[in-house]
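In case you want the letters, here they are:
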Amino acid sequence: MVGPQNIGPPKPPASLRRPGPVRWLLYAFGRSLPPEYREWVLHDVTAGTWVVRQLLRAIVQLLPIAVLLYVLIPGPAWVRGCAVLAGLLLGFFYSMALLYETTEHRAVKAGYPRGTAAAVRNQGGAAEREEQARRYAERWRRLPPRDV
């Protein structure tokens, strides 16, 4: 069984099999990819740009609806524009609020155990986080000098 403790960082992007545009579009709308793209999905949800990738998927999901609403809602253009903009902002808000859950669900759909994406992302910055914790403790966790 594959678990977060023995997965390690994802393969470099050059050696991953990437989905074509149609498969990526279906993936962006929530469809699972075939098993041969399993490593790419893990890379997608754990790469250094995983937040940007999720935001791009949100744009791809929201843009067709926004265009349709703008075209079909009657009224002045500025009212339609403001209504669509408000809807887009709300959509982006929820996309960012559910960022971790969404990416974890994508990894689970690709066959990885729950928690794998977060574990792989956390491996990348472990040394940096330890250094930050050490510096914080050094600066703020010292006992104040005693007045005797």
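Residues numbered from 1 in each chain as written. Predicted model: local features only at pLDDT ≥ 70, side-chain atom pairs only at ≥ 80, totals over all residues. Heavy atoms only, no water.

Asker: With reference to specific residues and values, describe the packing of helix α1 (residues 21-28) against helix α3 (residues 50-72).
Answerer: Running from N to C, α1 and α3 point in directions that differ by 90°, and their axes come no closer than 9 Å. Between α1 and α3, the crossing angle belongs to the class labelled roughly perpendicular. Within the contact between the two elements, α1 uses Trp24, Leu25, Tyr27 and Ala28 and α3 uses Leu56, Arg57, Val60 and Gln61. Considered class by class, the residues forming the contact of α1 with α3 number 6 nonpolar, 1 polar and 1 charged. (Axes fitted to C-alpha atoms, helices over the stretch in contact; angles between N-to-C directions. Helix = DSSP H or I, 4+ residues; strand = E, 2+ residues; numbered from the N terminus. Parallel < 35°, antiparallel > 145°, perpendicular 65-115°, else oblique. Contact = heavy atoms within 4.5 Å. Nonpolar A, V, L, I, M, F, W, Y, C, P; charged D, E, K, R; others polar.)

Asker: Kindly report on the pattern of salt bridges, identifying the contributing residues and their values.
Answerer: Evaluation of the coordinates by the stated rule reveals 5 salt bridges. The salt bridge involving glutamate 36 is made with arginine 17; its shortest N-O contact spans 3.8 Å. Of this pair, glutamate 36 sits in the loop between α1 and α2 (38-46) while arginine 17 is found in the segment before α1, placing the two residues 19 residues apart along the sequence. We note a salt bridge from arginine 134 to glutamate 138, for which the minimum N-O separation is 2.9 Å. Taken as a pair, arginine 134 and glutamate 138 lie in helix α7 (residues 126-140) at a separation of 4 residues, close to a single helical turn. Look at arginine 134 and you get partly exposed, because its relative accessible area is 41%. One salt-bridge network, held together by shared partners, links Asp44, Arg53 and Arg57. (Salt bridge = Lys/Arg side-chain N within 4 Å of Asp/Glu carboxyl O. Buried < 20%, exposed > 50% of the residue type's maximum accessible area, 1.4 Å probe, protein only.)

Asker: Explain the nonpolar core residue by residue, including any values.
Answerer: By size, the foremost hydrophobic cluster in this structure holds 13 residues, and its most contacted members are Tyr27, Leu33, Trp40, Val41, Val45, Ala107 and Tyr112. Counting only elements with at least two residues in this core, the list comes to α2 and α6 (116-124). The element contributing the most residues to this core is α2, with 4 residues. (Core = buried A, V, L, I, M, F, W, Y, C linked by side-chain atoms within 4.5 Å.)

Nothing here speaks to function; it is all geometry.
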